[in-house]
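Chain residues, written in single-letter form:
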Amino acid sequence: MPQSEGGYVSLPAVNGNGGAIYQSTTEPTAPPSVFASVKRAIGQAIKSSPTDSEELLRSDRLPVIVGGSRDRDKSGKTLTTKMPSAPTHTAEEAHLLGTMPVDPMDDIELRSVQLQFPNARGSILEACEQRRVPTDKGDVHVAIQGDTAKPAIITYHDLGLNYATSFAGFFNFPVMRGLLENFCVYHVTAPGQEEGAPTLPEDYVYPTMDDLAAQLLFVLSHFGLKSVIGFGVGAGANILARFAHAHPDKVGALCLINCVSTQSGWIEWGYQSFNARFLRTKGMTQGVIDYLMWHHFGRNPEERNHDLVQMYKQHFERGV
(Lines give C-alpha, C1' and ligand atoms only; values in the text may rest on other atoms or scores of the structure.)
Protein backbone atom coordinates (compact mmCIF):
# COMPACT_ATOMS: atom_id res chain seq x y z
CA MET A 1 0.00 0.00 0.00
CA PRO A 2 1.53 3.37 -0.91
CA GLN A 3 2.79 5.50 1.94
CA SER A 4 0.84 8.53 0.68
CA GLU A 5 -2.38 6.61 1.24
CA GLY A 6 -1.63 5.75 4.86
CA GLY A 7 0.44 2.60 4.27
CA TYR A 8 3.22 1.20 6.37
CA VAL A 9 7.04 1.59 6.20
CA SER A 10 9.69 -0.69 7.68
CA LEU A 11 11.52 0.49 10.80
CA PRO A 12 15.29 0.02 11.21
CA ALA A 13 16.35 -3.46 12.25
CA VAL A 14 17.00 -4.26 15.89
CA ASN A 15 20.57 -3.54 17.15
CA GLY A 16 21.46 -2.18 13.76
CA ASN A 17 21.39 -5.62 12.20
CA GLY A 18 19.89 -5.12 8.82
CA GLY A 19 19.43 -8.83 8.35
CA ALA A 20 17.05 -9.25 11.28
CA ILE A 21 14.06 -8.69 9.15
CA TYR A 22 11.63 -10.75 11.20
CA GLN A 23 12.51 -8.83 14.37
CA SER A 24 11.46 -5.51 12.87
CA THR A 25 8.02 -3.94 13.22
CA THR A 26 5.90 -1.41 11.38
CA GLU A 27 4.40 1.93 12.36
CA PRO A 28 1.32 3.50 10.70
CA THR A 29 2.00 6.67 8.76
CA ALA A 30 -1.66 7.76 8.48
CA PRO A 31 -2.56 11.34 9.44
CA PRO A 32 -2.56 11.87 13.22
CA SER A 33 -5.78 12.05 15.19
CA VAL A 34 -7.58 15.32 15.77
CA PHE A 35 -6.67 15.34 19.45
CA ALA A 36 -2.97 14.82 18.67
CA SER A 37 -3.08 17.64 16.14
CA VAL A 38 -4.65 19.96 18.71
CA LYS A 39 -1.99 19.11 21.31
CA ARG A 40 0.78 19.80 18.82
CA ALA A 41 -0.78 23.15 17.79
CA ILE A 42 -1.15 24.24 21.43
CA GLY A 43 2.40 23.28 22.21
CA GLN A 44 3.72 25.29 19.31
CA ALA A 45 1.59 28.29 20.27
CA ILE A 46 2.66 28.40 23.93
CA LYS A 47 6.45 28.26 23.51
CA SER A 48 6.90 29.47 27.09
CA SER A 49 9.75 27.06 27.68
CA PRO A 50 11.06 24.12 25.70
CA THR A 51 10.52 21.71 28.55
CA ASP A 52 6.89 22.75 29.02
CA SER A 53 6.16 22.35 25.32
CA GLU A 54 7.87 18.99 25.13
CA GLU A 55 6.08 17.83 28.28
CA LEU A 56 2.71 18.87 26.85
CA LEU A 57 3.39 17.06 23.59
CA ARG A 58 4.55 13.90 25.38
CA SER A 59 1.61 13.89 27.82
CA ASP A 60 -1.38 11.67 27.03
CA ARG A 61 -3.63 13.14 29.73
CA LEU A 62 -6.85 14.79 28.74
CA PRO A 63 -6.94 18.58 29.09
CA VAL A 64 -8.70 20.09 32.10
CA ILE A 65 -10.50 23.43 31.70
CA VAL A 66 -10.19 25.58 34.82
CA GLY A 67 -12.68 28.36 35.37
CA GLY A 68 -11.58 31.94 35.60
CA SER A 69 -11.66 34.19 38.62
CA ARG A 70 -15.21 35.28 37.89
CA ASP A 71 -16.32 31.64 38.37
CA ARG A 72 -14.92 31.48 41.91
CA ASP A 73 -15.93 33.15 45.15
CA LYS A 74 -13.60 34.93 47.58
CA SER A 75 -12.57 31.68 49.26
CA GLY A 76 -11.61 30.15 45.91
CA LYS A 77 -14.56 27.75 45.75
CA THR A 78 -15.96 27.17 42.27
CA LEU A 79 -19.36 28.70 41.76
CA THR A 80 -22.29 27.01 40.03
CA THR A 81 -22.27 28.19 36.44
CA LYS A 82 -25.40 26.42 35.31
CA MET A 83 -27.43 28.55 32.90
CA PRO A 84 -30.77 29.59 34.46
CA SER A 85 -33.91 28.41 32.74
CA ALA A 86 -35.34 31.93 32.55
CA PRO A 87 -34.32 35.39 33.76
CA THR A 88 -35.46 36.25 37.25
CA HIS A 89 -37.00 39.57 38.17
CA THR A 90 -35.49 41.79 40.81
CA ALA A 91 -37.64 43.75 43.23
CA GLU A 92 -36.97 46.96 41.30
CA GLU A 93 -37.96 45.37 37.98
CA ALA A 94 -41.07 43.93 39.55
CA HIS A 95 -42.01 47.36 40.86
CA LEU A 96 -41.51 48.93 37.44
CA LEU A 97 -43.51 46.18 35.77
CA GLY A 98 -46.29 46.54 38.31
CA THR A 99 -46.16 42.85 39.24
CA MET A 100 -44.74 40.78 42.06
CA PRO A 101 -41.77 38.52 41.34
CA VAL A 102 -43.02 35.30 39.82
CA ASP A 103 -41.58 31.91 39.12
CA PRO A 104 -39.43 32.16 35.96
CA MET A 105 -41.22 29.18 34.42
CA ASP A 106 -44.70 30.63 34.94
CA ASP A 107 -46.52 32.17 31.99
CA ILE A 108 -47.08 35.91 32.06
CA GLU A 109 -50.68 36.91 31.49
CA LEU A 110 -51.24 40.19 29.64
CA ARG A 111 -54.16 41.56 31.61
CA SER A 112 -53.83 45.18 30.54
CA VAL A 113 -53.83 44.54 26.76
CA GLN A 114 -57.16 44.86 24.99
CA LEU A 115 -57.32 44.15 21.29
CA GLN A 116 -59.93 45.70 19.06
CA PHE A 117 -60.84 44.33 15.66
CA PRO A 118 -63.38 45.47 13.06
CA ASN A 119 -66.63 43.64 13.53
CA ALA A 120 -67.83 41.23 10.91
CA ARG A 121 -70.67 41.89 8.50
CA GLY A 122 -73.10 39.93 10.67
CA SER A 123 -72.60 42.34 13.56
CA ILE A 124 -73.93 45.34 11.62
CA LEU A 125 -76.99 43.33 10.56
CA GLU A 126 -77.78 42.61 14.18
CA ALA A 127 -76.98 46.11 15.42
CA CYS A 128 -79.18 47.93 12.90
CA GLU A 129 -82.92 48.42 13.02
CA GLN A 130 -84.36 47.26 9.70
CA ARG A 131 -87.09 49.37 8.05
CA ARG A 132 -88.88 49.40 4.70
CA VAL A 133 -89.82 52.85 3.41
CA PRO A 134 -92.53 53.09 0.69
CA THR A 135 -91.75 55.32 -2.30
CA ASP A 136 -93.31 56.04 -5.67
CA LYS A 137 -90.94 53.47 -7.25
CA GLY A 138 -91.40 50.71 -4.71
CA ASP A 139 -90.16 50.08 -1.18
CA VAL A 140 -86.64 50.99 -0.12
CA HIS A 141 -84.74 49.11 2.58
CA VAL A 142 -83.21 51.34 5.28
CA ALA A 143 -81.04 50.13 8.19
CA ILE A 144 -80.75 52.48 11.17
CA GLN A 145 -77.54 52.41 13.23
CA GLY A 146 -77.31 54.64 16.29
CA ASP A 147 -79.51 57.03 18.24
CA THR A 148 -82.20 58.62 16.07
CA ALA A 149 -82.13 61.77 18.25
CA LYS A 150 -78.66 62.65 16.92
CA PRO A 151 -77.72 64.27 13.58
CA ALA A 152 -78.30 62.04 10.57
CA ILE A 153 -75.87 60.53 8.08
CA ILE A 154 -77.26 58.82 4.97
CA THR A 155 -75.11 56.25 3.22
CA TYR A 156 -75.52 54.80 -0.27
CA HIS A 157 -73.57 51.77 -1.50
CA ASP A 158 -71.78 51.03 -4.77
CA LEU A 159 -72.71 48.80 -7.71
CA GLY A 160 -73.36 45.15 -6.84
CA LEU A 161 -73.14 45.73 -3.07
CA ASN A 162 -75.43 46.73 -0.21
CA TYR A 163 -75.05 48.65 3.02
CA ALA A 164 -73.59 45.66 4.91
CA THR A 165 -70.87 44.81 2.39
CA SER A 166 -70.00 48.49 1.79
CA PHE A 167 -70.00 50.08 5.25
CA ALA A 168 -69.81 47.34 7.92
CA GLY A 169 -66.03 47.44 8.18
CA PHE A 170 -65.89 51.25 8.07
CA PHE A 171 -68.37 52.15 10.80
CA ASN A 172 -67.31 49.27 13.05
CA PHE A 173 -63.60 50.04 12.81
CA PRO A 174 -62.29 51.08 16.27
CA VAL A 175 -61.13 54.52 15.08
CA MET A 176 -64.46 55.32 13.41
CA ARG A 177 -66.79 54.08 16.13
CA GLY A 178 -66.78 57.57 17.56
CA LEU A 179 -69.08 58.59 14.70
CA LEU A 180 -71.84 56.38 16.08
CA GLU A 181 -71.60 58.19 19.41
CA ASN A 182 -72.42 61.54 17.80
CA PHE A 183 -74.49 60.62 14.72
CA CYS A 184 -77.26 58.31 13.62
CA VAL A 185 -76.52 56.49 10.37
CA TYR A 186 -79.31 55.64 7.92
CA HIS A 187 -78.04 53.02 5.47
CA VAL A 188 -80.12 53.16 2.27
CA THR A 189 -80.05 50.11 0.00
CA ALA A 190 -81.11 50.18 -3.64
CA PRO A 191 -84.23 48.14 -4.50
CA GLY A 192 -83.60 44.40 -4.52
CA GLN A 193 -80.02 44.65 -3.19
CA GLU A 194 -80.56 44.03 0.54
CA GLU A 195 -79.66 40.78 2.28
CA GLY A 196 -82.15 38.04 1.45
CA ALA A 197 -84.07 40.20 -1.01
CA PRO A 198 -86.61 38.34 -3.16
CA THR A 199 -86.21 38.21 -6.92
CA LEU A 200 -87.71 41.23 -8.62
CA PRO A 201 -90.80 40.58 -10.81
CA GLU A 202 -90.32 40.11 -14.53
CA ASP A 203 -92.33 43.25 -15.34
CA TYR A 204 -90.45 45.37 -12.79
CA VAL A 205 -88.90 48.49 -14.30
CA TYR A 206 -85.80 49.39 -12.34
CA PRO A 207 -85.54 53.08 -11.31
CA THR A 208 -83.11 55.32 -13.14
CA MET A 209 -80.32 57.16 -11.36
CA ASP A 210 -82.54 60.22 -10.99
CA ASP A 211 -85.38 58.05 -9.67
CA LEU A 212 -83.06 56.49 -7.06
CA ALA A 213 -82.01 59.98 -5.98
CA ALA A 214 -85.66 61.07 -5.75
CA GLN A 215 -86.41 58.11 -3.44
CA LEU A 216 -84.20 59.69 -0.80
CA LEU A 217 -86.75 62.47 -0.37
CA PHE A 218 -89.27 59.83 0.79
CA VAL A 219 -86.68 58.48 3.24
CA LEU A 220 -86.10 61.90 4.80
CA SER A 221 -89.84 62.51 5.06
CA HIS A 222 -90.46 59.08 6.60
CA PHE A 223 -87.96 59.64 9.44
CA GLY A 224 -88.64 63.37 9.81
CA LEU A 225 -85.13 64.45 8.80
CA LYS A 226 -84.73 68.07 7.79
CA SER A 227 -81.05 67.95 6.80
CA VAL A 228 -78.61 65.09 6.37
CA ILE A 229 -74.94 64.41 5.68
CA GLY A 230 -74.46 62.26 2.58
CA PHE A 231 -71.81 59.52 2.47
CA GLY A 232 -71.65 57.58 -0.79
CA VAL A 233 -69.26 55.35 -2.74
CA GLY A 234 -69.22 54.84 -6.51
CA ALA A 235 -72.77 54.62 -7.83
CA GLY A 236 -74.08 55.66 -4.40
CA ALA A 237 -71.94 58.80 -4.54
CA ASN A 238 -73.48 59.68 -7.91
CA ILE A 239 -77.01 59.19 -6.50
CA LEU A 240 -76.29 61.40 -3.48
CA ALA A 241 -74.78 64.08 -5.73
CA ARG A 242 -77.96 64.08 -7.83
CA PHE A 243 -80.08 64.37 -4.69
CA ALA A 244 -77.98 67.27 -3.38
CA HIS A 245 -78.24 69.02 -6.75
CA ALA A 246 -82.02 68.70 -6.73
CA HIS A 247 -82.53 69.45 -3.02
CA PRO A 248 -79.60 71.55 -1.75
CA ASP A 249 -81.55 72.63 1.32
CA LYS A 250 -81.78 69.00 2.50
CA VAL A 251 -78.03 68.31 2.47
CA GLY A 252 -75.66 69.81 5.00
CA ALA A 253 -72.49 68.14 3.70
CA LEU A 254 -71.36 65.45 1.28
CA CYS A 255 -68.58 62.88 1.43
CA LEU A 256 -68.34 61.29 -2.01
CA ILE A 257 -65.77 58.60 -2.91
CA ASN A 258 -65.09 57.61 -6.53
CA CYS A 259 -67.91 59.79 -7.79
CA VAL A 260 -67.91 60.11 -11.58
CA SER A 261 -69.81 63.10 -12.92
CA THR A 262 -69.40 62.31 -16.62
CA GLN A 263 -71.31 59.84 -18.77
CA SER A 264 -69.83 56.42 -19.46
CA GLY A 265 -68.02 55.82 -22.74
CA TRP A 266 -69.22 53.60 -25.57
CA ILE A 267 -67.10 50.63 -24.43
CA GLU A 268 -68.35 50.74 -20.85
CA TRP A 269 -71.91 51.26 -22.08
CA GLY A 270 -71.56 48.17 -24.28
CA TYR A 271 -70.23 46.08 -21.39
CA GLN A 272 -73.11 47.16 -19.16
CA SER A 273 -75.68 46.35 -21.87
CA PHE A 274 -74.28 42.84 -22.38
CA ASN A 275 -74.03 42.21 -18.64
CA ALA A 276 -77.59 43.38 -18.04
CA ARG A 277 -78.81 40.99 -20.75
CA PHE A 278 -76.83 38.09 -19.24
CA LEU A 279 -78.26 38.82 -15.80
CA ARG A 280 -81.81 38.61 -17.17
CA THR A 281 -81.29 35.41 -19.18
CA LYS A 282 -78.48 33.42 -17.56
CA GLY A 283 -77.98 35.00 -14.17
CA MET A 284 -74.59 35.76 -12.63
CA THR A 285 -72.12 34.68 -15.31
CA GLN A 286 -68.34 34.84 -15.18
CA GLY A 287 -68.40 37.83 -17.51
CA VAL A 288 -70.62 39.76 -15.10
CA ILE A 289 -68.36 38.85 -12.17
CA ASP A 290 -65.29 40.00 -14.09
CA TYR A 291 -66.99 43.30 -14.90
CA LEU A 292 -67.93 43.90 -11.25
CA MET A 293 -64.39 43.05 -10.11
CA TRP A 294 -63.02 45.50 -12.68
CA HIS A 295 -65.48 48.14 -11.48
CA HIS A 296 -64.25 47.88 -7.88
CA PHE A 297 -60.57 46.99 -8.25
CA GLY A 298 -59.47 48.04 -11.72
CA ARG A 299 -57.66 45.99 -14.34
CA ASN A 300 -55.43 43.98 -11.95
CA PRO A 301 -57.49 42.78 -8.97
CA GLU A 302 -54.74 40.30 -8.02
CA GLU A 303 -52.53 43.24 -7.04
CA ARG A 304 -55.06 44.49 -4.50
CA ASN A 305 -55.73 43.27 -0.98
CA HIS A 306 -56.13 39.50 -1.38
CA ASP A 307 -58.67 39.03 1.43
CA LEU A 308 -60.82 41.92 0.23
CA VAL A 309 -60.76 40.68 -3.36
CA GLN A 310 -61.83 37.19 -2.28
CA MET A 311 -64.64 38.59 -0.13
CA TYR A 312 -66.03 40.64 -3.00
CA LYS A 313 -65.72 37.75 -5.44
CA GLN A 314 -67.55 35.34 -3.15
CA HIS A 315 -70.26 37.94 -2.60
CA PHE A 316 -70.81 38.38 -6.34
CA GLU A 317 -70.89 34.62 -6.90
CA ARG A 318 -73.26 33.74 -4.07
CA GLY A 319 -74.85 36.80 -2.53
CA VAL A 320 -76.15 38.94 -5.41
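The structure reproduced in this document is the subject of the present report. Owing to the predicted nature of the structure, the values given are computational and were not obtained by experimental measurement.

Details of the packing of helix α10 (residues 286-297) against helix α11 (residues 306-319)
Here is step 1: Look at α10 against α11: their axes get within 10 Å of each other, and the N-to-C directions meet at 140°. In this structure, α10 meets α11 at a crossing whose hand is right-handed. Across from I289, L292, M293, H296 and F297 in α10, the residues of α11 making contact are L308, V309, Y312, K313, F316 and E317.
Here is step 2: When the residues that make up the contact of α10 with α11 are grouped by side-chain class, the tally is eight nonpolar, one polar and two charged.

Concerning the nonpolar core
Here is step 1: The biggest cluster of nonpolar side chains holds 24 residues, and the ones touching the most others in it are V142, I154, Y156, Y186, V188 and F223.
Here is step 2: Among the elements of the structure, β4 (140-145), β5 (152-156), β6 (184-189), α7 (209-223) and α8 (235-246) are those that each provide at least two residues to this core.
Here is step 3: Sort the elements by how many residues they give to this core and α7 lands first, with six residues.
Here is step 4: Ignoring any residue separated from it by four or fewer positions in sequence, one finds V188 in contact with V140, H141, V142, I154, T155, Y156, H157, L216 and V219.
Here is step 5: F297, V309, Y312 and F316 belong to the second largest nonpolar core, which has 10 residues in total.

A closer look at the sheet that holds strand β7 (residues 228-233)
In any sheet, the strands associate via hydrogen bonds between backbone groups, in a parallel or an antiparallel arrangement.
Here is step 1: If you trace the six strands from one edge of the open sheet to the other, you get β3-β4-β6-β5-β7-β8, paired in mixed fashion. Since the sheet does not close on itself, it has two edges, and those belong to β3 (129-133) and β8 (251-257), each with one partner. With strand direction ignored, the average angle separating the axes of adjacent strands in the sheet is 20°.
Here is step 2: Of the pairings in the sheet, the one linking β5 to β6 comprises five bridges and is parallel in character. In the strand pairing of β6, I154 is matched with Y186.
Here is step 3: Sheet strands touched by helix α5 (residues 163-171): β3, β4, β5, β6 and β7. Its angle to β6, the strand with the most contacts, is close to 155°.

Concerning the pattern of salt bridges
Here is step 1: Inspection of the entire model under this criterion finds three salt bridges.
Here is step 2: Where E194 meets R132, a salt bridge forms, and the shortest distance between an N and an O atom there is 3.3 Å. Remark: R132 occurs in strand β3 and E194 occurs in the loop between β6 and α7; sequence separation between them is 62 residues.
Here is step 3: The class for E194 is buried, based on a relative accessible area of 10%.
Here is step 4: For R132, a relative accessible area of 46% puts it in the partly exposed group.
Here is step 5: D210 serves as the salt-bridge partner of R242, at 2.7 Å between the closest nitrogen and oxygen. Placement of the pair is R242 in helix α8 and D210 in helix α7, with a sequence separation of 32 residues.

Analysis parameters
Residues numbered from 1 in each chain as written. Predicted model: local features only at pLDDT ≥ 70, side-chain atom pairs only at ≥ 80, totals over all residues. Heavy atoms only, no water. Axes fitted to C-alpha atoms, helices over the stretch in contact; angles between N-to-C directions. Helix = DSSP H or I, 4+ residues; strand = E, 2+ residues; numbered from the N terminus. Left-handed = near helix turned anticlockwise from the far one by under 90°. Contact = heavy atoms within 4.5 Å. Nonpolar A, V, L, I, M, F, W, Y, C, P; charged D, E, K, R; others polar. Core = buried A, V, L, I, M, F, W, Y, C linked by side-chain atoms within 4.5 Å. Buried < 20%, exposed > 50% of the residue type's maximum accessible area, 1.4 Å probe, protein only. Pairing = 2+ DSSP bridges. Salt bridge = Lys/Arg side-chain N within 4 Å of Asp/Glu carboxyl O.

None of the figures reported here should be taken as evidence of function without further support.
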